[in-house]
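Residues per chain, in single letters:
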Amino acid sequence: MKLNERSLAFYATCESPADNAGFLYKRGERHTAYHRRWFVLKGNMLFYFEERDSREPVGVIVLEGCNVELCDSAEGFAFAIRFGGSKSRTYVLAAESQADMESWVKSLSRASFDYMRLVVRELEKQLQEMSRGPAGGYAGSREPPGPCKPKPSGLERSRERLAAVPAILPKENGCAVWNNVLGADRLPGASGCGGGHDEEGTPRPPPLPPRRRVSDGEAASAGAAVAQSPSTFWRLHEQYSREVARLRQDWQQRRRGPRP
Amino acid sequence: MRYNERELLSLARQPAEKAAEIRMSVPKKGSVLKKRLVKLVVNFLFYFRTDEAEPIGALLLEHCKITKEEENVFSISFIEEPERKYCFECATEEQCLEWVEALRRASYEFLRRSLIFYRNEIQKMTGKDPLEQYGISEEARFQLGAHRQ
């Protein structure tokens, strides 16, 4: 069976970040001698090189469907990559320390595409459920708690748009760039925000995207705006940011309680 | 490059996300469009002669570009060799667009970007890292920028 080996070699050696990398000893197939190789894990592909600076991998192990097990063997820090089929080869590898072994076993056992997809679907579901209803209490000031009410069709479209969003993520060097809203290195939550805003004192609004400003009218109608089915990812993103900014201000005010 | 062919063949036999008979050509001189069974499983695209059980070939869909070409046609090329194209001629434009959409989302790297995006969105809205409950929030593959070689 042909494989796009040239592209594989490029993928292995290009600048994209690896999920793990380091020296491991690999036991040979026919002979039980161990060979020290430089291993690079990217996604569900485990590449191995003769040397750390080799230009091309010697080989690759496709990890989809594998199990990773610790070895009982006397050789220190050994572990095995096993596959389901009866005639499948077991890859025995050994690390150079306990810490390395644990790190590799952890990263290899979760390296499958299937696993990643599972986690993504779970988060996608969570996000859709959060944007759908006031169950989390975020919009408590606007809607009564209780079972979710049927939503306008615009919100349905927005949910689908949410699922479609990753296709147009801005990216740099294969990494998502997401820190473009609300000065996002600060997270809302119990640890407190950089900004705060009380009714009487010096207003310190939370950092906002430079082009937009929160206005009460806009924020209050954020729900309605979402229902109008924004046609671009940017608009949807902005709507969420306005909503979150407004809610965060409310939360800050409520947390401070009545002023003396 | 050595690879575990047995496991890859086994993967080719698993239920596909998408499969269809599509006319396909490879980036070789004189290559013509031939009817193939094309099967998408995780981040691999396998292609078979229509009457055979074992694939002729497999494409790992990482760092590739899916281009919509003329009507009913799309192509796959890899970013280091953009002129070498695998061309696919579908039966209908609709089928063609479906495949383009599916293949663009079929890479591990795309999934990773989606995960980072959702993780961040949820964290912004709740103040909590949604991966904590699974005990995987510290894993390299879920961080921006991950592990540098």
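- The name that an unreviewed UniProt entry assigns to chain B is Pleckstrin homology domain-containing family J member 1, with the source organism given as Elachura formosa.

- Naming follows an unreviewed UniProt entry, where chain A appears as Sesquipedalian of Elachura formosa.
- As its UniProt record puts it under Sequence similarities (unreviewed entry), chain A is described as follows: "Belongs to the sesquipedalian family."

## Some details on the overall build of chain A
- The secondary structure content of chain A amounts to seven helices and 10 strands.
- Looking at the 260 residues of chain A, the share that counts as buried comes to 45%.
- Considering only residue pairs separated by 6 or more positions, chain A has 51% of its internal contacts joining residues 24 or more positions apart.
- Carbon and sulfur atoms make up 49% of the accessible area of chain A, which totals about 14,100 Å².

## A short note on helix α2 (residues 98-109) of chain A
- With 12 residues, α2(A) extends 16 Å between its outermost C-alpha atoms, agreeing within 8% with the 16 Å of an ideal straight helix rising 1.5 Å per residue.
- Where α2(A) is buried, its residues contact β2 (20-27), β3 (34-42), β4 (45-49), β6 (67-70) and β7 (78-82) of chain A.

## Details of the interface of chain A and chain B
- Across the boundary between the two partners, chain A contributes 80 residues, which contact 67 residues of chain B.
- Carbon and sulfur atoms make up 63% of the surface buried where chain A meets chain B, a total of about 6,900 Å² over both sides.
- When the area that chain A buries against chain B is broken down by residue, the three leading residues are Met1(A), Phe113(A) and Met116(A), summing to 12%.
- Across the contact surface, chain A and chain B share three salt bridges.
- The residue Asp19(A) makes a salt bridge to Arg112(B) at a minimum N-O spacing of 2.6 Å.

## A closer look at the nonpolar core
- Met45(A), Phe47(A), Leu8(B), Phe44(B), Phe46(B) and Leu115(B) are the most contacted members of the largest nonpolar core, which totals 43 residues.
- Listed in part, the 22 residues of the second largest apolar core include Val38(B), Leu61(B), Tyr86(B) and Ala106(B).

Each value, and the rule that gives it
Residues numbered from 1 in each chain as written. Chains lettered and ligands numbered in written order. Predicted model: local features only at pLDDT ≥ 70, side-chain atom pairs only at ≥ 80, totals over all residues. Heavy atoms only, no water. UniProt positions renumbered as here; feature names shortened; annotations may be inferred. Helix = DSSP H or I, 4+ residues; strand = E, 2+ residues; numbered from the N terminus. Buried < 20%, exposed > 50% of the residue type's maximum accessible area, 1.4 Å probe, protein only. Contact = heavy atoms within 4.5 Å. Areas by Shrake-Rupley, 256 points an atom, 1.4 Å probe, with all protein chains shown as cover. Expected span 1.5 Å × (residues − 1). Buried area = accessible area lost by both parts, 1.4 Å probe. Salt bridge = Lys/Arg side-chain N within 4 Å of Asp/Glu carboxyl O. Core = buried A, V, L, I, M, F, W, Y, C linked by side-chain atoms within 4.5 Å.

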